[in-house]
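Descriptive structure summary
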Amino acid sequence: LRHILYFFALFWRALRSDLIFALDYTSVGLPAAVVSLLLRRPLVIRMEGDFLWESFVQRTRKDITLSQFYRIPQLLTRKERLVRKISVWVMHRASRLVFSSEWRRKMICDAYRIPAESSTILRNVFPPPTINNIENSRTILWAGRMIYLKNLYHLISVFAEVNDGSWELHLVGDGPERKRLEEFIKKENIRGVRLLSPMSKENILKKMRESAFFVLPSLSDVGPDVIADAVATRLPFIMTKESGSVEYLKDIGFFINPLDEEELKERMMRLMNEDERRKAKERMEHV
């Protein structure tokens, strides 16, 4: 019903428009592609999120990265196969697909046989620098949607290993995994982990300025805005190397294999060192 209502709302507005710009290729992509076909309006689609992979990981709870999902055939449900077919049709209907990195473009174009000339790379915007974070903080920060692919169980487990009792891990956000995470923390008797409610952008930036470093160990994250905010606040960060952000930030950030807990452990221990954090901040001055 939502899609039908959206289709009609979009149709009437597209009558007075020269171009249709869709921010994903599933939820709004299908009605946008149909309207584009009926009215012969060019369609441009931003290709950041990946609904099919996200829903597959949430359903199966498998530790599978976005690259692996496209490289290794997966057993999909009937609904997921339908979503894939619709996605292929929508992408091929588009006049142009917009990606934020070559990593993401190659992945999609290879998987769905999209001609390279039908795509464009537009790098994500990095906000201007703000006030640096405070010194001697003992808070490690994560923020986002609490879903399985964010790899939070591994993050919490590694934190429990490296924490000497003086550090806190703050997880800001909400989502379907929040209750399970609370149960996991209680069951494992892990101390120092705080689950905080979602915050406004302004309060997230304030929280970043009060933290020692940021960790984003997701199984994959195409072009996370939260890392751009970390860069803006000059907050050292650790993040998954399964991301297009590597192309822009490889010289200033700490990138990890999201499936390797030892690697995450080593990087967290490094940034718990004040000298390492200072060096990381210095590298961020060149972004």
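Up top is the structure.
Okay, so let's go over this structure. Predicted, not measured: the structure shown is a model, and the values here were computed from it.

Following the criterion strictly, the structure yields 18 salt bridges and no others. Where Arg104 meets Asp50, a salt bridge forms, and the shortest distance between an N and an O atom there is 3.1 Å. You can see Arg104 sitting in helix α6 (residues 102-112) and its partner Asp50 sitting in the loop between β2 (43-46) and α3 (51-60), a full 54 residues away along the chain. For Asp50, a relative accessible area of 2% translates into the label buried. Between Lys265 and Glu161 there is a salt bridge, with the nearest N and O atoms lying 3.3 Å from each other. With a gap of 104 residues between them, Lys265 in helix α12 (residues 261-271) and Glu161 in helix α7 (residues 152-162) connect regions that are remote in the sequence.

Attention shifts here to unusual backbone geometry. In this structure, Arg40 is a non-glycine residue whose phi angle is positive, near 55°. Tracing the backbone through its elements, the reader meets Arg40 in the loop between α2 (29-39) and β2. One non-glycine residue, Asn151, lies in the positive phi region at around 65°. For Asn151, the location among the structural elements is in the loop between β5 (139-145) and α7.

Moving on, we get to the sheet that holds strand β9 (residues 237-240). One open sheet accounts for six strands, arranged β7-β6-β5-β8-β9-β10; its pairing is parallel. The open sheet terminates on both sides in strands that have one partner only, identified here as β7 (193-196) and β10 (254-256). Ignoring strand direction, the axes of neighbouring strands in this sheet form an average angle of 25°. Summarising the sheet, β5 and strand β6 (residues 168-174) pair through seven bridges and their orientation is parallel. By the bridge assignment, Ile140 is partnered in β6 with Leu169.

All right, on to the packing of α7 against α12 then. It is at 10 Å that the axes of α7 and α12 come closest, and there the two elements cross at 55°. With respect to their mutual orientation, α7 and α12 come out oblique. Between α7 and α12 lies a crossing whose hand is right-handed. Side by side, α7 and α12 meet where His154, Leu155, Val158, Phe159, Glu161 and Val162 of the first sit next to Glu261, Leu264, Lys265, Met268 and Met269 of the second. Of the residues belonging to the contact of α7 with α12, the class tally is seven nonpolar, one polar and three charged.

The rules behind the values
- Residues numbered from 1 in each chain as written.
- Predicted model: local features only at pLDDT ≥ 70, side-chain atom pairs only at ≥ 80, totals over all residues.
- Heavy atoms only, no water.
- Salt bridge = Lys/Arg side-chain N within 4 Å of Asp/Glu carboxyl O.
- Helix = DSSP H or I, 4+ residues; strand = E, 2+ residues; numbered from the N terminus.
- Buried < 20%, exposed > 50% of the residue type's maximum accessible area, 1.4 Å probe, protein only.
- Pairing = 2+ DSSP bridges.
- Axes fitted to C-alpha atoms, helices over the stretch in contact; angles between N-to-C directions.
- Parallel < 35°, antiparallel > 145°, perpendicular 65-115°, else oblique.
- Left-handed = near helix turned anticlockwise from the far one by under 90°.
- Contact = heavy atoms within 4.5 Å.
- Nonpolar A, V, L, I, M, F, W, Y, C, P; charged D, E, K, R; others polar.

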